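Observations on the model geometry
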Amino acid sequence: MFDPKLVIDGLGHFGPYGGRFVPEALIGALEELEAAHSSALQDPIFQAELAELHRTYSGRPSIITEAKRFAQHAGGARIILKREDLNHTGSHKINNVLGQALLTKRMGKTRIIAETGAGQHGVASATAAALMGLECVVYMGEEDTKRQSLNVARMKLLGAKVVPVTSGSRTLKDAINEAMRDWVTNVENTHYLLGTVAGPHPFPTMVRDFHKIIGEEARAQVIELTGKLPDAVLACVGGGSNAIGIFHDFIKDIDVRLIGLEAGGDGVETGRHAATITGGTRGVLHGTRSYVLQDENGQTVESHSISAGLDYPGVGPEHAYLHDIGRAEYRAITDAQAMAAFALLCQTEGIIPAIETAHALAGAIQIGNELGPDATLLINLSGRGDKDVQTAADYFGIPL
Amino acid sequence: MSTNTALDQLFVKTRAENRAALIAYIPAGFPSQAGCHKVIETLAKAGVDAIEIGYPYSDPVMDGPTIQAAATQALENGTGVTEVFAALKHATDQGVAAVVMTYWNPIERYGVAKFAQAIADNGGSGVITPDLTIEESDEWRAAVKTSSINPIYVVAPSTKPERLVKVTDHCGGFIYAASMMGVTGGRSGISSAAGELVARLREVSNKPISVGLGVSNREQAKEVAAFADGVIVGSAFIKAIQDAPDEESALAAVAHLASELAKGVREAR
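Comments concerning the overall build of chain B
When you go through chain B residue by residue, the secondary structure sums to 12 helices and 9 strands. Here the C-alpha atoms of chain B give a radius of gyration of 17 Å, agreeing with the 18 Å that 2.2 N^0.38 yields for 269 residues. Taking the principal axes of the C-alpha coordinates as reference, chain B spans close to 50 × 40 × 30 Å. For chain B, with 269 residues in total, the buried portion stands at 61%.

This is how it looks when you write it as structure tokens:
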């Protein structure tokens, strides 16, 4: 049987993927973080503190909701939503930031920096920083600060400093570049609170460890509700943190299909997309080897998606590995397909999902129709769509 | 490391002359393809001992705003691997030792063994790989050995003693000592961390040590040349070119800065 433990060596590799491609100046900080994470995993006091925050601050365990009216459009399959949108700050991102903020204090650091695309991770980071009395600087591509001005205001209200990044394509990847530059310079007192399962070791495993609670809860909840495991687990994939979070506890259940839905933008064939596994090639970006959207000279190609949170030309290395060994499958969902699913969930279930999450819902419509009414699908409803009201109103021609 | 590259020979010579070598950095394709070649000629004539050809990259996390802007301009000029090797060849044709400095992904994309061999075929001495950690370097180490070029790794003030041994063991040509914790770009003063790092390196290695990051004028070059085998200057040349109103004055500014720095590395000891 497939053993997920086998894929990790001491250097953070998942088969040929992962590892550490960073300036030597950051090695000390990464080793310190790795040690802090390992010791925290064994430390009952740390685990109790995190569990208490989950219970009394985030609102965990998040519930599951069966989407019966939505299911009528998905081949009649049972559709079960894991409601990460109901967490404090409105998405799964809070799981990771609370864990890393506690680690920051454990390491004696006083300042966190973070990158953000849609603003969800930035808001979550600013929230955790406020809660724990840490200084917080969020790097955000200038384009994204315009697309997501409401989240910029939220971060500022929470006491964070938001730095618009004007280099490169002025989006998420450039925000990560700028955060890494800050980190190299200020590593002594600063922790880089990376928001996804990408980046150099130990980030992909550490961020996964903080999110795997999603799948652990959902697995038990689905079994309690239905008496069996689901046939498939679906999640959207940008960097891939919510997907790894819900997949991880199911990796050992080899009969459960794990399906990641990438951002297909205008369609993978147009070149204007962010479907890194579907349309990319093996490469190194932001400190890790994975799939990358790149040209023949190894330059990163700009990604495109209606969803700022999926608009990233890389993907977590564990996803690359799960893809290559055939344990998980990845499909691209176009902007149009995602927005149709977005509207459908709003109107059939009274839930406004994040546009990121709408990609997973579009996948559920496809898979449900393929498998039919006997199937049970678990979908990670990774975030709520309040932040996307402007984008959705523009898309559907609703005057504001 | 049993190489005998132009870079290896350079440090034998400068050690015999009891001085530090002056190493200049210029991205391929900056300010233009032809302009880059003229800058290379100017640097060589003005007394620079070795040239680093930068491979402009879309995501330069080690670089400050000056080199970022130059890389963006070079990419807009259509610079790819062909232009990088052409600039390298042009530098070696001027009689100076030349290396390529690149982030790792372009090497992996081109083909690791093929890249190392292309460096050798174009007269290059080696490659500086600032984001390739020793743990990820197995394939690269085999490739540089086959092609007899120098693998140059970067160490930082934060690098721990046991790791310093591990990294320097694998360096060839020289050890690149980053003078401080930070990205590339001129600073008002040289951090004391540079001297401390070089002293720590001397305890574990007798290989040549070059110091980079933040050196921008004759005084700073002199200061670093007192304790290092090589002084690396990058952003200051790029800034001189960016600030000049036209190509002619840019080349004059490069020539002036290079000759000042060349004096600096000779008056230190």
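Back to the write-up after that little detour.
Observations regarding the packing of helix H4 (residues 93-106) of chain A against helix H9 (residues 203-211) of chain A
Residues and elements named next belong to chain A. Between H4 and H9, the least distance of the axes is 8 Å, while the angle of their chain directions is 115°. Viewed along their axes, H4 and H9 form a crossing whose handedness is right-handed. Within the contact between the two elements, H4 uses Lys 93, Asn 95, Asn 96, Gly 99, Gln 100 and Leu 103 and H9 uses Phe 203, Met 206, Val 207, Phe 210 and His 211.

Re the interface of chain B and chain A
For interface size, the figure often reported is the accessible area lost on association. Between chain B and chain A, the residue contacts involve 35 residues of the former and 34 residues of the latter. Summing both sides of the interface, chain B and chain A together bury roughly 2,800 Å²; the carbon and sulfur share of this comes to 47%. Area buried by chain B at its contact with chain A is led by B:Val61, B:Arg109 and B:Glu136, which between them contribute 23% of it. Counting the contacts that link chain B with chain A gives 4 salt bridges. Between B:Lys160 and A:Glu31 there is a salt bridge; the shortest N-O distance is 3.6 Å.

Some remarks on the nonpolar core
All names here are of chain B. The biggest cluster of nonpolar side chains holds 97 residues, and the ones touching the most others in it are Ile 26, Leu 43, Ile 53, Phe 115 and Trp 140. Counting residues per element, this core draws most heavily on helix H12 (residues 247-266), at 8 residues. Those residues in contact with Leu 43 that sit more than four places away from it in its chain are Ala 24, Ile 26, Val 48, Ile 51, Phe 237, Val 254 and Ala 258.

Description of the confidence of the model for chain B
In the predicted model, chain B carries a mean pLDDT of 95, and 100% of its residues have values of at least 70. The ipTM value of the predicted complex is 0.95, and its pTM value is 0.96.

As for a nonpolar patch on the surface
Residue and element names in this part refer to chain A. Together, Tyr 395, Phe 396 and Ile 398 line one region of the surface with nonpolar side chains, adding up to about 290 Å² of accessible area. Residue placement: Tyr 395 occurs in helix H16 (residues 389-396). Judged by its relative accessible area of 39%, Tyr 395 is partly exposed.

What counts and how
Residues numbered from 1 in each chain as written. Chains lettered and ligands numbered in written order. Predicted model: local features only at pLDDT ≥ 70, side-chain atom pairs only at ≥ 80, totals over all residues. Heavy atoms only, no water. Helix = DSSP H or I, 4+ residues; strand = E, 2+ residues; numbered from the N terminus. Rg over C-alpha atoms; globule rule 2.2 N^0.38 Å. Buried < 20%, exposed > 50% of the residue type's maximum accessible area, 1.4 Å probe, protein only. Axes fitted to C-alpha atoms, helices over the stretch in contact; angles between N-to-C directions. Left-handed = near helix turned anticlockwise from the far one by under 90°. Contact = heavy atoms within 4.5 Å. Buried area = accessible area lost by both parts, 1.4 Å probe. Salt bridge = Lys/Arg side-chain N within 4 Å of Asp/Glu carboxyl O. Core = buried A, V, L, I, M, F, W, Y, C linked by side-chain atoms within 4.5 Å. pLDDT = per-residue confidence, 0-100. Patch = residues over 30% accessible without salt bridge, like charges linked within 9 Å, V, L, I, M, F, W, Y side chains within 5 Å. Areas by Shrake-Rupley, 256 points an atom, 1.4 Å probe, with all protein chains shown as cover.

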